[in-house]
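# Report on the structure
Single-letter residue listing:
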2 protein chains.
Amino acid sequence: MPRLYVLVLSGGAGTRLWPRSRRDRPKQFLDLIADRTLLQDTVDRVREIVPVERIFVVAPPAHRPLIHEQLPELATDHVVVEPYPRGNAAAVGLAMAALAAFDPEAVVAVLPSDHVVERRAQFRKVLLAATAAAERGHLVTLGIAPTAPDTGFGYIEAGERLDIEAPVEVRLVKRFIEKPKREAAEKMVADGGHFWNAGMFVWRVEEVIKAYEQHLPATAKAIGAIREAIGSPRYESVLAEVWEETDRTTLDYGIAEKASNVAVVPADIGWHDVGSWARLAAVVSGTENWSSGDLLAEDANGNYVWAPGKLTALIGVEDLVVVDTPDALLISPKGRSEEVKTIVDRLKREDREDLL
Amino acid sequence: MPRLYVLVLSGGAGTRLWPRSRRDRPKQFLDLIADRTLLQDTVDRVREIVPVERIFVVAPPAHRPLIHEQLPELATDHVVVEPYPRGNAAAVGLAMAALAAFDPEAVVAVLPSDHVVERRAQFRKVLLAATAAAERGHLVTLGIAPTAPDTGFGYIEAGERLDIEAPVEVRLVKRFIEKPKREAAEKMVADGGHFWNAGMFVWRVEEVIKAYEQHLPATAKAIGAIREAIGSPRYESVLAEVWEETDRTTLDYGIAEKASNVAVVPADIGWHDVGSWARLAAVVSGTENWSSGDLLAEDANGNYVWAPGKLTALIGVEDLVVVDTPDALLISPKGRSEEVKTIVDRLKREDREDLL
């Protein structure tokens, strides 16, 4: 068993799941799929191979109370707090400083907290394969076999297979492809050898810090200063001072697309993004009606209804998203559910803090 | 000023306005249009010409508490309670017995409690014209000038004008026409001289009792027995005994269509039936969006939303009825909102007493 650590990313506003997700309770803190929240589920699925002492979370200050409430087993100093959001390259860099101070030999899996993984055993196999490659010095990403020519994801083109003893094959990455146009997506799916970029990475901490030094030197300098201050009374002031020097960018842009030693493990793990009501609906019910409670449907099909504690009666409506909360009700066709961002933007402009 | 009485009819289940209307609170007890309920509004609009001492309500036993709650000014014995529903011919016959005992000379306006009248001053003029004709022995109905070839209403064909001094013309009725097919409705609207039957009548009590004797003799016999028992300790037992002998029919079928001395007053009073969500929506907002509370509409038009105390966000939906109550949520296209009856029938079959 390798000395594998897990870093859970708990940033992001998740406004596209409004009115359930709110500023003070983004989607990773919601029980969208099951009784456990997405954050809890993210931790649950690695617990069989990673003890709680090796699990860290990086998050903005406002999330701290919710994280401790939902993950009471986590030690206080395992929640790494970023002063304010500057993109996930800075957030992960900060956490890498903490991990390097905790265990310079650490191999760490960086996992977003707002995804669904249905095949947990396979997910753990994939993590172990990625760990094997990471121990050989690769920056490893997980690649999801596309089930459709989705234009909402970035893609990864895989190259030759690496000669690594692992439960799942590991391949070099030829290149990262940003969210493609429809035609390009169709070609990649037809050609094979292309995977969705799900934003999950496994690497040796020292190896990724080297990559920061090479590709994001400003952030790397901040990481070095933070690392030296850990455990000292100067920590908070050093962090506050160097944080604004970090690069505002993402791991994908800032590190993964630029590094040369990137590998990918094809991950057939039943992975789903639940970044919009339509995607969430597809996960829970495919094209069937789904309701959180009693549903009477008269000639009504393909609707997703979240209206806890009440009966919903639908007559002659199709493929709607209906989300009923105590202070807000959303109704939209599934195909337009991403436009909920427009609603949230209007609420911001109108200073409706109570509804954000 | 004639000695005009008003009898308000408060029967009917109003299941087509579920989930707001419920078995124990049918639509006349709801604030569908304004702060006042339809029942209160029905009384409000006659108060300028009819003192409260001459206002009666006929209703089933279960409605009695709500009637006294909503019309506290009404004396207890002005609420005439029918033992159980046997159609409005029996209910009105029972009330006529009460009125005949109260004032044998009474002229009474029989008014349903589930309509909307926008032009109150004109409505009072129409009532006074109808009263003038009623005092001459006519059974008078109010005729609504059709605004569309609606197939959901019965029609009245008007004949020659009566020579009566009144603020609005009064005409003889040639015939009553049941809910027509589309083509027939279009012809009547094009021809003119046809009116919607809104179920409002004005007549001398003794005159309508004569009509009962002629056309509904069984009910007339019951009316006679009830009338004699009023004020005596035998009243309840007599009522219980004779009630089951009354004809199960409506005023339209049983009396108005058969009587020869029927007159009609064209009533340009801004009358609206609110018997379905689509009709109610048309009254409150025409073809515009309408919401009981805050509404954010993104490319969404013609929707009717009742969701008190919360913000509703609509994206890309058209002409929907949305009714959100604490225990039930209805969503339907306006054009299919009458199918809510199907939902109510399913709830009955499933013994969902809590939702009926």
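Below you will find a few notes about this structure. None of these values were measured; they are calculated from a predicted model. Each chain carries its own residue numbering, running from 1 in the direction its sequence is written. Numbering of ligands from 1 and lettering of chains from A proceed in the order in which they are written. Only residues with pLDDT of at least 70 get local features here, since the model is predicted, and only at 80 or more are side-chain atom pairs given and counted; chain-wide, interface and lining totals rely on the full set of residues.

## Structural notes on the overall build of chain A
When helices and strands are counted, chain A shows eleven helices and 17 strands. C-alpha atoms define the radius of gyration in this analysis, and the globule rule sets the expected value at 2.2 Å times the number of residues to the power 0.38. Relative to a compact globule of 356 residues, whose C-alpha radius of gyration would be 21 Å, chain A shows 21 Å and is just as compact. Along the three orthogonal principal directions, the C-alpha set of chain A runs to about 60 × 50 × 35 Å. Here a residue counts as buried when 20 or more other C-beta atoms fall within 10 Å of its C-beta, as exposed when 12 or fewer do, and as partly exposed in between; the C-beta atoms come from the backbone. Within chain A, the fraction of its 356 residues that count as buried is 47%. Across chain A, the fraction of contacts at a sequence separation of at least 24, relative to all contacts at a separation of at least 6, is 65%. Going along the chain from the N terminus, every DSSP run of H or I of four or more residues is numbered as a helix, and every run of E of two or more is numbered as a strand. Residues are scored as being in contact if the C-beta atoms we place from backbone atoms lie within 7 Å.

## Considerations on the interface of chain A and chain B
With 28 residues of chain A at the interface, the matching set in chain B holds 28 residues. Sorting the residues of the side of chain A that touches chain B by element identifies β13 (295-298), β15 (311-315), β16 (320-324), β17 (328-333) and α11 (340-349) of chain A as the ones contributing at least two each. With six residues, β17 of chain A is the single largest residue contributor to the side of chain A that touches chain B. Tallied by class, the residues present in the side of chain A that touches chain B amount to 17 nonpolar, four polar and seven charged. Any residue that is not Ala, Val, Leu, Ile, Met, Phe, Trp, Tyr, Cys, Pro, Asp, Glu, Lys or Arg is counted as polar, Gly included; the first ten are nonpolar and the last four charged.

## What about helix α6 (residues 205-215) of chain A?
Residue and element names in this part refer to chain A. Among the residues making up α6, those that are buried are V205, V208, I209, A211 and Y212. One face of α6 carries all of its buried residues, which in axial projection span an arc of 155 degrees. Each element contacted by the buried residues of α6 is listed here: α3 (88-102), β4 (107-112), β6 (139-144), β9 (194-204), α7 (217-229) and α9 (251-256). It is the directions from the helix axis to the C-beta atoms that the arc portrays.

## What to know about the relation of the copies chain A and chain B
Alignment of copies: least-squares fit on C-alpha atoms of residues with pLDDT of at least 70 in both copies. The transformation that overlays chain A on chain B combines an axial shift of 0.1 Å with a rotation of 179 degrees, and the residual RMSD is 0.1 Å. Taken together, the rotation angle and the small translation identify this as a two-fold axis. When each C-alpha of chain A is compared by its distance to the rotation axis, D324 of chain A comes out closest, at 4.3 Å. Of all interface residues in chain A, 100% are interface residues in chain B too; the two copies therefore contact each other through one and the same surface.

## Focus: the packing of helix α3 (residues 88-102) of chain B against helix α6 (residues 205-215) of chain B
Residue and element names in this part refer to chain B. Orientation of α3 relative to α6, taken along the N-to-C sense of each, is 140 degrees, at an axis distance of 10 Å. Classified by the angle between their axes, α3 and α6 sit oblique to one another. Between α3 and α6 lies a crossing of left-handed hand. Taken together, the residues of α6 that come into contact with α3 (itself represented by G93, M96, L99 and A100) are V205, E206, V208, I209 and Y212. Of the residues that constitute the contact of α3 with α6, the class distribution is seven nonpolar, one polar and one charged. Each axis is a line fitted through C-alpha atoms, and for a helix only the stretch in contact is used; angles between axes span 0 to 180 degrees, taken between their N-to-C directions. When an angle is under 35 degrees it counts as roughly parallel; over 145 it counts as roughly antiparallel; between 65 and 115 it counts as roughly perpendicular; any other value is oblique. The crossing is said to be left-handed when, going from far helix to near helix, the turn is anticlockwise and less than a right angle, and right-handed when the turn is clockwise.

## Some words on the pairing of strand β1 (residues 4-9) of chain A
Residue and element names in this part refer to chain A. Along β1, six of the six residues are buried, which leaves the element largely enclosed by surrounding structure. Should DSSP find at least two bridges between two strands, the strands are regarded as paired. Of the strand pairs in this sheet, β1 and β4 are connected by six bridges, and their pairing is parallel. In the strand pairing of β4, V8 is matched with L111. For β1 and strand β2 (residues 55-59), the ladder comprises four bridges, and the chain directions are parallel. Among the inter-strand pairings, V8 is bridged to a residue of β2, identified as V57.

## Thoughts on the pairing of strand β8 (residues 171-177) of chain B
All names here are of chain B. Two strands pair when backbone bridges link them, and strand β7 (residues 155-161) and β8 are joined in this way by five bridges, in the antiparallel orientation. Bridge assignment links Y155 to a residue of β8, and that residue is I177. Sheet analysis places β8 next to strand β10 (residues 262-266), joined by two bridges and oriented antiparallel. Bridge pairing in β10 links L172 to A263.

## Re the sheet that holds β13 of chain A
Strand order in the open sheet formed by six strands is β13(A)-β15(A)-β17(B)-β16(B)-β14(B)-β12(B), and the pairing between neighbours is mixed. For this open sheet the edge positions go to β13 of chain A together with β12 (290-291) of chain B, each flanked by a neighbour on one side alone. Note that β15 of chain A and strand β17 (residues 328-333) of chain B share four bridges and pair parallel. In the sheet register, T312 of chain A faces β17 of chain B, and the bridge partner there is L329 of chain B. Contacts from helix α10 (residues 277-285) of chain B reach β12, β14 (304-306) and β16 (320-324) of chain B, with the element oriented near 95 degrees to β16 of chain B.

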